[in-house]
Amino acid sequence: HVTVVHAGLLPDSTPAANTKSDLLHMRNVERVDGEWKATSDSTKGVPWVSEWKGPEHIVFGHDAVRKLQKTEFATGLDTGCVYGGALSALLLPGHEVVSV
């Protein structure tokens, strides 16, 4: 099963449990009073994808600085096309990344 979001998801959550802002702007997460909180500031916390443990596979973008990101349960496809980098896509069901 694959879920596609624009930016990211809070670890151990569902898309419905995230705010619209989380889904659109998240790059990192940090623990605040024992709860995960989203931030678009990549200098705070850790990349949300490093804390995502599945089981759903999440496909996301909105993180051109980190370029292609692949973990067991997530694939970040933002390879900076708008900045002159490649345009990337994920071919399913095999999870093959192609870039042009």
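Residues numbered from 1 in each chain as written. Predicted model: local features only at pLDDT ≥ 70, side-chain atom pairs only at ≥ 80, totals over all residues. Heavy atoms only, no water.

1. With respect to the side chain of Thr39
Put simply, the rule is: Helix and strand labels come from DSSP, where a helix needs a run of H or I of at least four residues and a strand needs a run of E of at least two; each type is numbered from the N terminus. As used in this structure description, the phrase polar contact means that two N or O atoms lie within 3.5 Å; if the pair is within protein, one of them must be able to donate a hydrogen and the other to accept it, and residues adjacent in sequence are counted only when both atoms belong to side chains. For this analysis, residues touch if any pair of their heavy atoms sits within 4.5 Å.
Within the secondary structure, Thr39 sits in strand β3 (residues 35-39). Among the polar contacts made by the side chain of Thr39, one reaches the main-chain amide nitrogen of Asp41 at a distance of 3.0 Å. Once residues within four sequence positions are removed from consideration, Thr39 is found in contact with His25, Met26, Arg27, Asn28, Val29, Glu30 and Lys44.

2. Description of the sheet that holds strand β1 (residues 2-4)
Our working rule: Note: two strands are recorded as paired if DSSP finds a minimum of 2 bridges between them. Interaxial angle, 0 to 180 degrees, is taken between N-to-C directions of lines fitted to C-alpha atoms, where a helix line uses only the stretch in contact.
In space, the 4 strands of this open sheet follow the order β1-β5-β7-β6, with mixed pairing throughout. Strand pairing shows two members of the sheet lacking a second neighbour, β1 and β6 (69-71), which therefore form its edges. Along the sheet, successive strands turn relative to each other by an average axial angle of 15 degrees, direction set aside. With 3 bridges joining them, strand β5 (residues 57-60) and strand β7 (residues 74-76) adopt parallel strand pairing. Its bridge partner lying in β7, Val59 is registered against Thr75.

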